[in-house]
Amino acid sequence: MPARPGKTAIFEQFAADGISYMFGNPGTVEQGFLDEGGRFDLSYVLALHEGAAVGMADGYARATRRPGLVQLHSGVGLGNGIGMLYQARRGGSPLVVLVGEAGVRYDAMDGQMAADLVAMAEPVTKYATRVIDPDSTLRVLRRAVKIAMTPPRGPVVVVLPADVLDRMTSEPAVPTSLPDTRSRPAPEAVERAARVLADAARPLIVMGDGVAVSGAKQELTRVAERLGAPVWGANSSEVNFDTTHPLYGGELGHMFGASSARVVGDADAVLIVGTYVFPEVFPSLTSPFRDGARIVHIDLDAYEIAKNFPVDIGLVADPRLTLAALADALGQDPGGRGPGGPPAGQAREPARPAPVPAGEEPLLDAFVRTLAETAPPGLAVFDEALTAGAPLARHLPPRVPGTFFQTRGGSLGVGIPGALGVKLARPELPVVGFTGDGGSMYTFQALWTAAREHIDAKFVICNNGRYRLLDLNIEQYWAELGIRPHDAPDAFDLTRPAIAFADLAAALGVPARRVDRHDHIAPALAEMWAHEGPYLIDLVID
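The notes below deal with the structure included here. Since we're looking at a predicted model, the values are computed, not measured.

### Side note on the nonpolar core
Now for step 1: Core analysis: the biggest nonpolar cluster contains 52 residues, and Phe444, Leu447 and Leu536 have the highest contact counts within it.
Now for step 2: The greatest single-element share of this core, amounting to 8 residues, is contributed by helix H3 (residues 50–64).
Now for step 3: Those residues in contact with Phe444 that sit more than four places away from it in its chain are Ile416, Ile461, Phe501, Leu504, Ala505, Leu508 and Leu536.
Now for step 4: By size, the runner-up hydrophobic cluster in this structure holds 31 residues, among which are Ala189, Val196, Val223 and Ala327.

Dropping the structure here:
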């Protein structure tokens, strides 16, 4: 291989791995390799804030199931992106994050922006490293792609000193070798799991995004129907199970362990698949399972099995292959024994939302219902507006894999950039991102990128003038401590002054419309769908 600078070789490596986009925000120490990038067929998507860059890459990686490539600028840029990297870490998004640095030769100088970038990145990444030898630059990049893409997937940071990239290397650029992790358990282990679940009088299933990553929605449905077991989501932010299926129970709480305990406490056998238990902010310190309950846990991440509570059978294996084998071992159950469960293999007509008398339907419900009625086929939704999620579940229930993505990880601001990443990944789909007024302001500048790149995604700000989730959480906090309800802290209020989201969007190059009455809904949606390019609706709700 002829010698060329490392800054050239890294783009050859991206091409070998079929990487099409780099999301980033430039700085001086990256100027050399970004200047080199203009010679290659890779689109640089400029963000005005590093959180928006990571959020876009996160949405892109989730929609493609491929690496999302990010470029950040030194310690300050990495610092700005850490909140979104935490989101990607908790959600298992395969990101490869390149962080520029002045150079190895300046290590002793403690200069401007100098920081231990690997140490900064380690708490929010699956792996972090620094390249110090130009002849190992591509080797390290391939290792980063492999680690990011190998279950449990997650973000990887590679620190690239400028002087290393300026030096020559003869290292060849070849496609990254990705190991095949689609393993299944030994037949006797599957038989033991099947016996535990089949012998239960009240089985229950807890599922998460490992199901979607494995493509195991159909296999999970077969197991649920053969057990007649209700299916609940834990850290379930994609379409792991048809939410209109009569066995779908809902989502476990993400804040308080007591909420999850109320759901799982009556089950005498629990199948956990593709998730960890339990992903609350304030989890139960004692087991939420009833005494004597048998627990079966399937996941490719051995760390998560029995991490917090003992299990009877832990299977480190691919969810799709394992669930298929488990369904076969369970055989047919023509009685459909689960509460409200259909006979095996038979699905009921999904329940329709009850009609609401004219004039009584809340504005948000009316908006989402009309959106569902007018949307083009194949609508994909990115939902960050969690406190406004009930109307979405009623009128746009997640059913088809690859058409629903929800925030995960707790950091605000993923809604707008996440929707942009999904649209770049799946340009053939109409995409709408829902976010709250508070959450949107973390990455609102991502709209400028949408206008600059002419990304035809649509956005809805659920504007209630508050950090509404904090209102709900503090009410439970008061109840648990016996504190008399009173006015929430003034810090939860976003109305002084009110944020003019439509004006903000217009200033960033995105047309927008404010909707605060029922008769505004239809014309606003008609205008949104007719517009070619990004469009925002400021939906003022109670």
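### Here's the deal with the environment of Val540
Now for step 1: Secondary-structure assignment places Val540 in strand E20 (residues 535–540).
Now for step 2: The class of Val540 is partly exposed, set by a relative accessible area of 22%.
Now for step 3: Put simply, Val540 and Leu364 are 176 residues apart on the chain and 8.4 Å apart in space, counted from C-alpha to C-alpha.
Now for step 4: Excluding its chain neighbours within four sequence positions, the residues that come into contact with Val540 are Leu363, Asn463, Arg514, Val515 and Asp516.

### Comments concerning the sheet that holds strand E12 (residues 269–273)
Now for step 1: Across the sheet, 6 strands lie side by side as E11-E10-E9-E12-E13-E14; this open sheet has parallel pairing. Strand pairing shows two members of the sheet lacking a second neighbour, strand E11 (248–251) and strand E14 (313–316), which therefore form its edges. Taken pair by pair, the neighbouring strands of this sheet meet at an average axis angle of 15°, ignoring direction.
Now for step 2: As paired elements, strand E13 (residues 294–299) and E14 share 4 bridges and run parallel to each other. Looking at the pairing, Val296 lines up with Ile313 of E14.

### Brief notes about the sheet that holds strand E17 (residues 431–436)
Now for step 1: With parallel pairing, the 6 strands of this open sheet are ordered in space as E16-E15-E17-E18-E20-E19. With one partner strand each, in any of the chains shown, strand E16 (404–406) and strand E19 (512–515) form the two edges of the open sheet. Averaged over all pairs of adjacent strands, the angle between strand axes in this sheet comes to 15°, irrespective of strand direction.
Now for step 2: Note that E19 and E20 share 4 bridges and pair parallel.

### Things to note about the packing of aromatic side chains
Now for step 1: Per the stated rule, a full pass over the model turns up 11 aromatic pairs.
Now for step 2: Arranged with centres 6.1 Å apart and planes meeting at 40°, the rings of Phe11 and Phe33 form a pair that is tilted. Residue Phe11 is found in helix H1 (residues 6–16), and its partner Phe33 is found in helix H2 (residues 31–37); the two are separated by 22 residues along the sequence.
Now for step 3: With relative accessibility at 4%, the residue Phe11 sits in the buried group.
Now for step 4: With 6.4 Å between their ring centres and 90° between their planes, Phe289 and Phe309 make a pair best called edge-to-face. Of this pair, Phe289 sits in the loop between E12 and E13 while Phe309 sits in the loop between E13 and E14, placing them 20 residues apart in sequence. Comparing Phe289 with Phe309 shows no difference in burial state: the two are buried.
Now for step 5: The structure contains a cluster of three or more aromatic residues connected by ring pairs, namely Phe11, Phe14, Phe33 and Phe40.

Quick notes on the rules
- Residues numbered from 1 in each chain as written.
- Predicted model: local features only at pLDDT ≥ 70, side-chain atom pairs only at ≥ 80, totals over all residues.
- Heavy atoms only, no water.
- Core = buried A, V, L, I, M, F, W, Y, C linked by side-chain atoms within 4.5 Å.
- Buried < 20%, exposed > 50% of the residue type's maximum accessible area, 1.4 Å probe, protein only.
- Helix = DSSP H or I, 4+ residues; strand = E, 2+ residues; numbered from the N terminus.
- Contact = heavy atoms within 4.5 Å.
- Pairing = 2+ DSSP bridges.
- Axes fitted to C-alpha atoms, helices over the stretch in contact; angles between N-to-C directions.
- Phe/Tyr/Trp six-rings, centres within 6.5 Å; stacked < 30°, edge-to-face > 60°.

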